Amino acid sequence: MTVAARTLTDLEQRERREWFRARWERGVAFNRYCRLRVTRWDPDGVEIVLPYTETLSAHEGLFHGGVVSALIDTAGAGAVIAGHDFTKGSRLSTVSMSVQYLAPARGREAVAYARCVRRGRRLHFADVDVMTDGRICARGQVVVTISGERPGVGDPIAHVDPVDPIEPLTEE
């Protein structure tokens, strides 16, 4: 027996997209630790900025390749969910990812530009370019699956202190 998903209004779809945007910056501990900033989030794609710090480096002045890879994964999944039809579910998982490192990731920040290039019934594909100092340093493809409902969608996301992004602010 197949159970049909509830149809969501345009407002409910927009609210879920905005909730996921906030979650990407403030609700995921790793993203907060890295101080990721979402500067664009719409159905056509996302832009995510990763500021350089020594804690994210492989060698002085260079982003670690694993951090660049995590940025590709985060941006690719974001590009998919930013334009997703939430009547088809909200539990997102990365299935596979490929990364090509094209140049050392050197600069004050890395910026990922991602767009969903194919939406399937359950599998979705995104292409991501990462730029540092005005040049491309990495390129990747991310494949994600979305099925079922993610627990907590729509729950409040705590405000985060920009000085210490790991600890949410609490009211005293």
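Residues numbered from 1 in each chain as written. Predicted model: local features only at pLDDT ≥ 70, side-chain atom pairs only at ≥ 80, totals over all residues. Heavy atoms only, no water.

(A) Highlighting the overall build of the protein chain. Within the protein chain, the secondary structure is distributed over three helices and eight strands. Each helix and strand of the protein chain, placed in order from N terminus to C terminus, yields the pattern α-α-β-β-β-β-α-β-β-β-β. Considering only residue pairs separated by 6 or more positions, the protein chain has 64% of its internal contacts joining residues 24 or more positions apart. Accessible surface computed for the protein chain: about 9600 Å², of which carbon and sulfur atoms make up 51%. (Helix = DSSP H or I, 4+ residues; strand = E, 2+ residues; numbered from the N terminus. Contact = heavy atoms within 4.5 Å. Areas by Shrake-Rupley, 256 points an atom, 1.4 Å probe, with all protein chains shown as cover.)

(B) Representation of the packing of helix H1 (residues 10–27) against helix H3 (residues 65–82). Orientation of H1 relative to H3, taken along the N-to-C sense of each, is 165°, at an axis distance of 10 Å. In terms of their interaxial angle, H1 and H3 are classed as roughly antiparallel. Every pair of crossing elements has a handedness; the one defined by H1 and H3 is left-handed. Listed contacts from H3 to Arg 17, Phe 20 and Trp 24 of H1 are Thr 74, Ala 77, Gly 78, Ile 81 and Ala 82. (Axes fitted to C-alpha atoms, helices over the stretch in contact; angles between N-to-C directions. Parallel < 35°, antiparallel > 145°, perpendicular 65-115°, else oblique. Left-handed = near helix turned anticlockwise from the far one by under 90°.)

(C) Focus on H3. The terminal C-alpha atoms of H3 lie 25 Å apart, and with 18 residues this matches the ideal 26 Å at 1.5 Å per residue to within 8%. The buried fraction of H3 is high, at 15 of 18 residues. (Expected span 1.5 Å × (residues − 1). Buried < 20%, exposed > 50% of the residue type's maximum accessible area, 1.4 Å probe, protein only.)

(D) Structural view of the packing of aromatic side chains. Summed over the entire model, instances satisfying the criterion amount to five aromatic pairs. Relative to Trp 24, the ring of Phe 20 lies with its centre 6.2 Å away and its plane at 65°, an arrangement referred to as edge-to-face. With Phe 20 and Trp 24 both in helix H1 and four residues apart, this pair spans about one turn of that helix. Here Trp 24 falls in the buried class, since its relative accessible area comes to 10%. On the numbers, 5.5 Å between centres and 10° between planes, the contact of Phe 20 with Phe 86 is stacked. Taken as a pair, Phe 20 in helix H1 and Phe 86 in the loop between H3 and strand E5 (92–101) lie far apart in primary sequence, 66 residues in all. There is no split in this pair, since Phe 20 and Phe 86 are both buried. One aromatic cluster is present, built from ring pairs that chain together Trp 19, Phe 20, Trp 24, Trp 41 and Phe 86. (Phe/Tyr/Trp six-rings, centres within 6.5 Å; stacked < 30°, edge-to-face > 60°.)

(E) Region of interest: H1. An ideal rise of 1.5 Å per residue puts 26 Å on 18 residues; H1 measures up with 24 Å between its terminal C-alpha atoms. For H1, the set of buried residues is Gln 13, Arg 16, Arg 17, Trp 19, Phe 20, Ala 22, Arg 23 and Trp 24. At its buried positions, H1 is contacted by helix H2 (29–34), strand E1 (37–42), strand E2 (45–51) and H3.

(F) Representation of the side chain of His 124 in the model. Following the sequence through the fold, His 124 ends up in strand E7 (residues 123–132). Given a relative accessible area of 2%, His 124 falls into the buried group. For His 124, the side chain forms a polar contact with the main-chain nitrogen of Gly 120, separated by 3.5 Å. Ignoring anything within four residues of it in the chain, the contact list for His 124 reads Val 80, His 84, Arg 118, Arg 119, Val 142, Val 143, Val 144 and Ile 146. (Polar contact = N/O pair within 3.5 Å; in protein donor to acceptor, adjacent residues only side chain to side chain.)

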